[in-house]
Each structure stands twice: as structure tokens, then as C-alpha cells.
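Structural characterization, general
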Amino acid sequence: MKSALRTTTEELADLYNNAPCGYHSLDKDGVFIRINDTELRWLGYSREEVIGKMKFHDLITDRSLKTFQDNFPQFKVRGWIHDLEFEMVRKDGSILPVLLSASAVTDPDGNYIMSRSTVYDITERKRAEREVVQLAAIVEFSDDAIIGKTPDGIITSWNKGAERIYGYTADEIVGKPISTLVPADHADEVPQILDKIRRGEHIEHYETVRRRKDGELIEMSLAISPIRETEGKITGASTIGRDITAQKRIESINMARLRLLQFAATHTLDELLETTLNEVEVLTGSLIGFYHFLEADQKTLSLQNWSTRTKKEYCLAEGKGRHYNVSEAGVWVDCIHERRPVIHNDYSSLPHRKGLPAGHSPVVRELVVPVFRRESIVAILGVGNKPRDYTTHDVETVSLLADLAWEVVERKRIEEALSLLAAIVEFSDDAIIGISPEGTIVSWNRGAERLYGYPAEEVKVCPVSILIPDDHPEEMAYILDHVRQGKPIERHETVRLRKDGSRVEVSVTISPICDSGGKIIGASTIARDITGLKKAEIELRKLNEELELRVIERTADLNRRSTELSESQQALMNIVEDLNEKTDELEGANTKLKEFDRLKSMFIASMSHELRTPLNSIIGFSSVILNEWIGPVNAEQKENLAIILRCGKHLLNLINDVIDVSKIEAGKIESVAEEFDLYDLISEAVGLVRKDMEEKGLDLQVAATHQQMHMDRRRLLQCVLNLLSNALKFTEHGGLTVETRIMPCPGEALEAGVAEISVTDTGIGIREEDLPKMFQPFVRLASPLQATVPGTGLGLYLTRKLAAEVLKGDILLTSEYGKGSRFTLRIPVRLP
Amino acid sequence: MKKVLVVEDNKDNMRLITYALQKDGYEVIPAETGEEGVELAIRERPFFIIMDINLPGIDGLEATRRIRASEADGSVPIIAITSYAMFGDRDRVLQAGCTAYFEKPIDPLTIVERIHKAIGVKCE
């Protein structure tokens, strides 16, 4: 019995000491009176160090001491405490987290005498708890969408990342099927995914499309894993989703850019723009695309192209080449006013919206971005009618491609302009040479080959001085000095040496050429053979001298003079024809080459000066003699003098016509409006031709109305007179009728009405096929009168130019061959 | 006889204008260069001046400016005559101080009458 008891006691002691938990007892002051081996082992102390020597609160952290003090009074009253967490401190200073339960022991009087405690080591549990918290935080704050779902696809958990990516809050979505996030055209993915999950398979890098709460489609990369319980049973699935929309967008933009660059190499500008717009449409999900260029004045837009779909479905109105004034355009130019991309997601409610062109379908949404170069906007690209609102992503996409399109367009334009320039230079009649700042020839066109006789390959890298005759030694230094200082040399008349040693008189214009940084990299020299011009000048001068001689000598031999004058007229005609050829040639280059235009103007100015000076004398002295200021002149001499005078005046008219045409073509003629009565003007014009009419025996009917005009009187008179003279020239029988008519014309620009002045003749008339040629310069139709009727071939051309450019009107022509013609000048009563 | 200063380097023109002015009873003071014209304008105090614009040395515009600068009241009429019938010349001529502007060729039969009209002289 005793031994049995002993055995029981030993067993109990063993159980006490080696239990998987700690046991200890404390006296009423908290001093250890008993402690088991397990707790001692945990704490690292020996029993001797602890029993009767240490108190419980010596072995806990300050934080736990507070827990102890908070709970102890209650413990004493109630007699027990359960599962209280303490941090005990090991001998080595490390912390042992424990869960402590204790019961109080009291004496029969109820006084507290001791406590017995059970202590569990909760190190592992604490660590697991911390990990769970960390994991939860990771899940919660991950950028990725992390979603838990049942094997049937019902959403059970939903992190912040999922809220951000999909737009649903956890409250809204938990409990709903995962298919809520799947667009209709991807619906069959869900059962396939769930099948795999139920079979325990993982899905990784699964790229697909999902739909946000706001309807926007997003590109997602998904990783889906089954969740198993410890026994291996699949209880659900986790989906980790990453929004790869931006990445995909950049990839597609880059692909589009690559395609466009390849496309550009083999297609025209128009095709490129259209393709760009098609790409932008696809990338932004738009249904409309358009591209405009903005001119340097920042005020005029030219519509360059529409996307293929827009052309087909939206805009039946003619578009290409149309110019818009920015100030008159609709909201789609807001981006120019604001100088930044503009989105109109609610187009119909815009207060400043203007009507669309006829044939244009309605616009619902619109995004237009400007393309900047330096400080200016050079183009705008717009898209419209995306089924959802445009976002900043679309702005980025459109901007990138608009920019690219401009870049490619610019390169193409430069290439085209360069090849045009090269062709102009190559085929110019003038000798055009490029020289380095040191005077070495670097380029040599066909004109130069013709003028100087050297083929290009023979002179490249030669000094330009090979063209300068020995007796002009200073000229090379003069030219190079100017070039190096960046000064142009204009119309320098000099002599050049040909390959065969002969000399040629030339007019040379040398323009320094700078690179974009302003550094002088050479010069262009344009030389024109003026031998012909010089000859004509000399001829005229000689005539002039001879005339003066005759005036002094009073010789009667004036008939021969008249013939000579006719010859000089012919020479002038040749010069004018030559000039006309040059003008045509220059006209082609006009838009691209202001420089050539300037040369033309200078050439004409100089021509007019050179020709008018001798004319001054021819006309002046003829009239002085004719009027017998110097002495009596007989009848035959008078007749001959009158011929000189008439021819001289004809020449003068011709020169004036040429100058007027060149002024108009250079845009250098301006309307000078003054107030006058139309009736008076018609009377004046009629008065000037009345004598010639009577001489030809023609009838003249005038029906003019009194109408106050605000118009360029001088130019209108010139036009009316030209029409009258023209009619007179081609009418042998019958007569001329001049009528005016005022038509009220409601509308903004022509409020005051339109005046019609018509000149009808009973002359030879014009064949229908010749009508379109009538207003072209230097066209003289084949007719029985051709040989006998004088004319410059510029009259009608000039008249129509004046009517259009200066009088802001037009000329209409109707004619019946053999019966007569009617020219009608229509002009506003008031110039704006 | 009233004096008229004619500044003109072209002998033909000078001769022609002289015919026209003498016909109307003026005495012509000829000058061939701008400098000479300025000097004679100050010394001779002509009734009016006919000024060619394209001259050797200082041009007619500069000569006109100098004459204007020398005057107390800016009253002598200066009639510019030029063949530069290109855009902008009229403005340049009037800005330099010319009273009126005629383009070549001048008509000797009407030139004096036109000048009278331009400077406000009644025909005597």
C-alpha cells in the first residue's frame, strides 16, 4: 500500500515536472514556493535560484507587470483567472510568451495565502498569428487583385487591389459569381477555369479580358490556384490578377508605330494619314478619325484626311483640301484655343457647339489632340464616337500617333520639296551653281552646262574662278567676301568665261546659304544670260539716238523709222514671250521658292525701267514735233509722227499690262476704294473709245444707271476700257452695247448688292471650244483678224485678274461664233 | 519769269521737260545730280521742283529729304517723276516729302497742267 502510494506520488511528481506545460505556486507575496521542471527549462533557471528567492513579477516584462497589477485585485476576490497572456523573461533575457491560468488558495477565514498557476508556451502560436497578420496585410494592400472564390466560382474574398482594378467594393461583390467580371464574349472561360481548379490544376500567366464595374474592358494577366484543406480536399480557389492594360496599350501603340513607319516608306502622304487614323481608331475604339494641318499663322486649318471608316460612314461632305478658319470652326478646335488635348465626352451639351457640315453624322464624344513643334501647333488629330468616355489613356495613345504621323509627314514633305527643288534647279534655264565658302564648285545644273559649256563632272571641286575672265581679277574676292559675311549679291551684271574661251554677259545673283545654326556653309549663284536683253536695250537706244538726230535734221524719212519701231516692238514681243516663259516656269516654283519670285519681280521692275526710259523720249518728242512746238510740220510728216506716237503708246500699254500682271501675281496689288457714280465711270470709259468707234463706223448704245459705288475706280475703269477696246478690236460691223444692272444681293458680304456691267458686241464671236482659253495669258485665237488686229495677248487675262483680285468680282463670257460676244463684269457695289 | 528747278540726269528727259516748261513760260534751272539739285534749290528758291528719283549719287528721295530739312516752312512743291512703277514706290516718295508723284513717260502736252493741278496753281 505504502509502496503503491509511493509509486503514485512519484508518478504524480513525474507528471507534474514533465508535463507539456509549466506549473508553479506562489506565496501571498508572489515568491515562488513550487515550480516544475518544464517551466524551469523554459526559463533557463535552476530550482535553487528560484524557490524562496524570486518573485513572479521579477520574471515578467514591464508590460506584463501592468497586466499582472491590473488583474491581481480581481484575481484575489474572484479566486481564479483564465488564459491571461504574459511575457516572461528567460535568464538569458529573451522573452517567452505564455498563456497563464491561476487559482487562488485561501485560509478558512478567506484570507489569500497562495496561488497555483498553469503556464503554456505560446511562442509558436504568436509567430503564426503574426504571419497571418502579415499575410493578410500583403493580400490586402497588394497592387494585384487577389480574389478568393468557391469551387463553384462564388466570390468569397476581395482585396483592395481588386477594388481598385475592377471598381467594385468588397461589400458589393462578395457572394456574387465570378462571371460578373467576365465580358459576354469571354463567358465560356469561366466553366473551363473552374473545371481545371476542381481537378487541382494551377493556371498561370493567363491573359484575358475582364470588365470593370463602369463597363470599361481591361486586359488582365491571371494566376489561379486551387486552395486545399489539410486533408487535400479542394475548398476553393485564389485568383491573382494583374492589370496589364497599360502595358498592352503601349505594346499595341508600338506595334502600330512600327507598322506605320514601314507603311510610310512605300505609300503616299494621304495613304499614310488615312492608315494612321485607322490605327488610332482601333486603338481607342473610336468610330471617327480626322487629321488637320494648322498653318503657321495658327488661324487656318486645312483638312488633310479622314479615316477610311469616317469617309465611308460618317462624312459624306467633301472634305479634302478644304480650308477652315480656326475662329469659325466648331468645338473640335478647342484644343487649338486651349493648346492642349481636349476631351468632349458630352458633345451634345456643349454650349459653343456649332453645326456640322452637311452630310456629317452626329458626334457623340470627341477627343482632339494638338501636335506641337517648337512653340506652335502644326496639326491636330481627332477621334470620335468611342462607345464609352475617352480617358487620359486615349489622350496618350492619340498624342503618340499624331506626333508620329506628323514626323513622317514632315519627313515626306521635306523629301518631296527637296526633289521638287532639285528638279527646278536642274531644269532651270538659268545657270545655278552651288559653291563652298572657299569658292569651290559643289553643284552644277544643266543650265550651267548650257551656259558655260562645261559638263558637271568636269567642274565639280574646281574653283569657281575658272568662270571669271582674267580682266576681272577683283571679282572672286568680291564674291567670297560677300558670301563669308552672309551678304547677298543681287543682279550683278558682269562677264563670264565659257569653256571654249568665249565671253557671255550675265546677270548674277549670289545668295549665301546658312545651316540651321546660322553658320554659312556656302552660296548659290544664279546666272542668267543677258546678251539678248542687252542687245534689245542697245537697239532701243540706237533707235532713240537716231530719232533725235532726225528731229534735229527735220528729215522726212519717218516711214523707215516706223518700220524699225515695229521691229523693236517685235523684239519686245519676243522679250515678253521669253518673259512669259520665264514667268510660267517661275510660277511652278512660286509656292516653294520665294527667292525665285523675288528675282522675277526684280527682273520685271528692271525691264520696265529700261523700256520706259527710251519710250519716254519716243512718245514725248513725237508729240512735241507733232504739235509744232519747234516749228511747222507738213501733213505727211504729221501722219508719220502720229504712227510713231501710236506705236509708242501701244508699247507703253503692253509694258503696263506686263507690270500689272506681275504685280497681281506677286500679290502686290491692293484695292484702293473711293466713292463715285457708276454712270460717270461708264461715260468716261465710253468717251475714251467713242472716237475709234466712229472711225470704224460702229454703232454704240449705252444704258448706264446712276449708282453710288465704293470701289477701286482706277482699276474698274481699266477693266471696262479693256473690255470695250477688246470688243472694238473684233467688231467690224454692227456695234457695241454697254449696259449696267444693279442686283440686290442679300447676304453678309454683299449687302450693298452687285453691279453688272456688260459689253456686248456684234463681232466675230468665239468658238465654244475656245471659250476656256479666253482668259489665259498670251493666247490669241486663230481668226481672220489675227494678222490685222494688234494686241498683247495679256488684255483679257489681266482684266480677269483685276476683276477677281482687286475688284473682288468676276467676269462671265457668253459668245456665239460669227454673231458676237458678251462680256459681263460682276462686282460688289461696295468693296469690304 | 518764274524759275523751275529740274533735277534729272537723263539728258533726253531734261530736254523734253524743258520744252514743256518753256512753252508755259517758265525759266528752267537744270541740275544733273541730287547734290546739285539740293544746292540749287536752296540758292535759287524755285517756284517748284521736278525731281527724278533714280539719280547718280544721292537719289531723288534723299535730295528731297535734304531740301525739306533746309526749308523753314516746307513750302516748295516737289514733283517726283520716276519710272519705278512698282508697288510701294508711291508711299516711299510721299514719305520722303514729295508733293505729288508722276510716272514716266510724261506727256509734254499735259505735264505742266497736271503739275499746276497737283500744287494748286490756277492756269493763267
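Residues numbered from 1 in each chain as written. Chains lettered and ligands numbered in written order. Predicted model: local features only at pLDDT ≥ 70, side-chain atom pairs only at ≥ 80, totals over all residues. Heavy atoms only, no water.

What follows covers the overall build of chain A. Helix and strand counts for chain A come out as 23 helices and 28 strands. For chain A, with 832 residues in total, the buried portion stands at 46%. Of the contacts formed within chain A by residues at least 6 apart in sequence, a portion of 55% connects residues at least 24 apart. With an accessible surface of roughly 43,100 Å², chain A has 53% of that area assigned to carbon and sulfur atoms. (Helix = DSSP H or I, 4+ residues; strand = E, 2+ residues; numbered from the N terminus. Buried < 20%, exposed > 50% of the residue type's maximum accessible area, 1.4 Å probe, protein only. Contact = heavy atoms within 4.5 Å. Areas by Shrake-Rupley, 256 points an atom, 1.4 Å probe, with all protein chains shown as cover.)

Turning our eyes to something else, we now look at the overall build of chain B. Counting its secondary structure elements, chain B contains five helices and five strands. Each helix and strand of chain B, placed in order from N terminus to C terminus, yields the pattern β-α-β-α-β-α-β-α-β-α. Out of the 124 residues belonging to chain B, those deemed buried represent 52%. Pairs at least 24 apart in sequence give 57% of the contacts found in chain B among residues at least 6 apart. Of the roughly 6,000 Å² that chain B leaves accessible, carbon and sulfur atoms contribute 48%.

Each packed pair of helices is defined by two parameters, the angle between the axes and the distance between the axes. Residue and element names in this part refer to chain A. Look at helix 9 (residues 245-266) against helix 10 (residues 269-284): their axes get within 10 Å of each other, and the N-to-C directions meet at 165°. Between helix 9 and helix 10, the interaxial angle falls into the category roughly antiparallel. As helix 9 packs across helix 10, the resulting crossing turns out to be right-handed. Residues Ser 252, Ile 253, Ala 256, Arg 259, Leu 260, Phe 263 and Ala 264 of helix 9 touch helix 10, and the partners they reach there are Glu 271, Leu 272, Thr 275, Thr 276, Glu 279 and Leu 283. By residue class, the composition of the contact of helix 9 with helix 10 is seven nonpolar, three polar and three charged. (Axes fitted to C-alpha atoms, helices over the stretch in contact; angles between N-to-C directions. Parallel < 35°, antiparallel > 145°, perpendicular 65-115°, else oblique. Left-handed = near helix turned anticlockwise from the far one by under 90°. Nonpolar A, V, L, I, M, F, W, Y, C, P; charged D, E, K, R; others polar.)

Scored by pLDDT, chain A has a mean of 83; 89% of the residues are at 70 or more. Ranking the helices and strands of chain A by mean pLDDT puts strand 2 (residues 32-35) of chain A first, with 93, and helix 18 (residues 558-590) of chain A last, with 69. (pLDDT = per-residue confidence, 0-100.)

Residues and elements named next belong to chain A. Spatial strand order, 23-25-26-28-27: five strands in an open sheet with mixed pairing. The open sheet is flanked by strand 23 (699-703) and strand 27 (810-816), the only strands paired with a single partner. Between one strand axis and the next, the sheet turns by 15° as a mean value, whatever way the strands run. As judged from the five bridges shared by strand 23 and strand 25 (residues 735-743), these two strands associate in the parallel manner. Note that in strand 25 the partner of Leu 700 across the bridge is Leu 736. Seen against the sheet, helix 22 (residues 713-729) touches strand 25, strand 26 (754-761) and strand 28 (820-828) and runs at an angle of roughly 175° to strand 28. (Pairing = 2+ DSSP bridges.)

To continue, consider the packing of aromatic side chains. Residue and element names in this part refer to chain A. Applying the stated criterion to the full structure yields 18 aromatic pairs over all chains. Arranged with centres 5.9 Å apart and planes meeting at 50°, the rings of Phe 56 and Phe 68 form a pair that is tilted. Placement of Phe 56 in the loop between helix 3 (47-50) and helix 4 (62-78) and of Phe 68 in helix 4 is noted, with a sequence separation of 12 residues between them. Each member of the pair, Phe 56 together with Phe 68, is buried. Pairing Trp 444 with Tyr 452 gives two aromatic rings, centres 5.6 Å apart and planes at 35°, and the pair type is tilted. (Phe/Tyr/Trp six-rings, centres within 6.5 Å; stacked < 30°, edge-to-face > 60°.)

Attention now goes to the sheet that holds strand 10 (residues 234-243) of chain A. In sheet architecture, strand pairing relies on hydrogen bonds along the backbone and comes in two forms, parallel and antiparallel. Residues and elements named next belong to chain A. Taking strand neighbours across the sheet as the criterion, the five strands line up as 7-6-10-9-8 in an open arrangement whose pairing is antiparallel. In this open sheet, the two edge strands, each paired with only one partner strand, are strand 7 (155-158) and strand 8 (203-211). Direction aside, the axes of adjacent strands within the sheet are offset by 30° on average. Both strand 9 (residues 217-228) and strand 10 contribute to a ladder of nine bridges, which runs antiparallel. Bridging from a neighbouring strand, Ile 224 pairs with Thr 239 of strand 10. Of the strands in this sheet, strand 6 (145-149), strand 8, strand 9 and strand 10 are in contact with helix 8 (residues 189-198), which crosses strand 8 at around 155°.

Moving on to the environment of A:Asp171. All names here are of chain A. Structurally, the position occupied by Asp 171 is in helix 7 (residues 170-173). When its relative accessible area of 76% is taken as the criterion, Asp 171 is described as exposed. Spatially, the C-alpha atoms of Asp 171 and Ser 157 are 9.7 Å apart, while their sequence positions differ by 14 residues.

Further remarks concern the side chain of A:His482. Residues and elements named next belong to chain A. For His 482, the position within the fold is in helix 16 (residues 475-484). Note on His 482: relative accessible area 17%, which makes it buried. Each residue touching His 482, except ones within four places of it in the same chain, is listed here: Lys 487, Pro 488, Ile 489 and Pro 512.

Glancing now at a negative patch on the surface. Residues and elements named next belong to chain A. A surface patch of like charges, here negative, comprises Glu 577, Asp 578, Glu 581 and Asp 584. Position of Asp 584 relative to the elements: it lies in helix 18. On the accessibility criterion, Asp 584 (43% relative accessible area) is partly exposed. (Patch = residues over 30% accessible without salt bridge, like charges linked within 9 Å, V, L, I, M, F, W, Y side chains within 5 Å. Salt bridge = Lys/Arg side-chain N within 4 Å of Asp/Glu carboxyl O. Lys, Arg positive; Asp, Glu negative; His and termini not counted. Charge placed at Lys NZ, Arg CZ, Asp CG, Glu CD.)

Residue position: A:Glu407 is located in helix 13 (residues 392-427). A relative accessible area of 37% means that A:Glu407 is categorised as partly exposed.

As a further point, take the pairing of strand 15 (residues 366-373) of chain A. All names here are of chain A. Burial of strand 15 is extensive: six of the eight residues sit out of reach of the surface. As paired strands, strand 14 (residues 342-344) and strand 15 are joined by three bridges and run antiparallel to one another. Of the residues in strand 15, the one forming a bridge with Ile 343 is Leu 367. The pairing of strand 15 with strand 16 (residues 376-384) spans eight bridges and is classified as antiparallel. If you follow Val 369 over to strand 16, its bridge partner there is Leu 381.

Residue and element names in this part refer to chain A. Along its 16 residues, helix 10 runs 22 Å from first to last C-alpha, staying within 8% of the 22 Å computed at 1.5 Å per residue. Considered for burial, the residues of helix 10 that qualify are Leu 269, Leu 272, Leu 273, Glu 274, Thr 275, Thr 276, Leu 277, Glu 279, Val 280, Glu 281 and Thr 284. In the stretch just after helix 10, Gly 285 is the one whose phi turns positive, near 70°. (Expected span 1.5 Å × (residues − 1).)

Our focus in this paragraph is unusual backbone geometry. Residues other than glycine seldom take positive phi values, yet A:Asn385 does so here, at roughly 60°. Looking at where A:Asn385 falls in the secondary structure, it is placed in the loop between strand 16 and helix 13. Of note, B:Arg45 is a non-glycine position whose phi angle comes to about 45°, a positive value. Its location among the elements puts B:Arg45 in the loop between helix 2 (34-44) and strand 3 (48-52). Taking the relative accessible area as the measure of exposure, B:Arg45 reaches 70% and is therefore exposed.

All names here are of chain A. If you look at the biggest cluster of nonpolar residues, it comprises 74 residues, and the most contacted ones within it are Ile 682, Met 709, Leu 716, Val 720, Leu 724, Leu 825 and Ile 827. Here the element with the most residues in this core is helix 20 (residues 635-665); it accounts for 12 residues. With residues near it in sequence (within four places) discarded, Leu 716 still touches Phe 676, Leu 678, Leu 681, Met 709, Met 711, Ile 757, Leu 807, Leu 825 and Ile 827. (Core = buried A, V, L, I, M, F, W, Y, C linked by side-chain atoms within 4.5 Å.)

It is worth spelling out the pattern of salt bridges at this point. Residue and element names in this part refer to chain A. Tallied over the entire structure, the rule returns 47 salt bridges over all chains. Between Lys 248 and Glu 207 there is a salt bridge, with its nearest N and O atoms 2.9 Å apart. Of this pair, Lys 248 sits in helix 9 while Glu 207 sits in strand 8, and the two are 41 residues apart along the sequence. Since its relative accessible area comes to 24%, Lys 248 is described here as partly exposed. On the basis of relative accessible area, Glu 207 is assigned to the partly exposed category, the value being 46%. Measuring nitrogen to oxygen at the nearest pair gives 4.0 Å for the salt bridge that ties Glu 695 to Lys 691. Taken together, the residues span about one helical turn, with Glu 695 and Lys 691 both in helix 21 (residues 678-696) at a distance of four residues.

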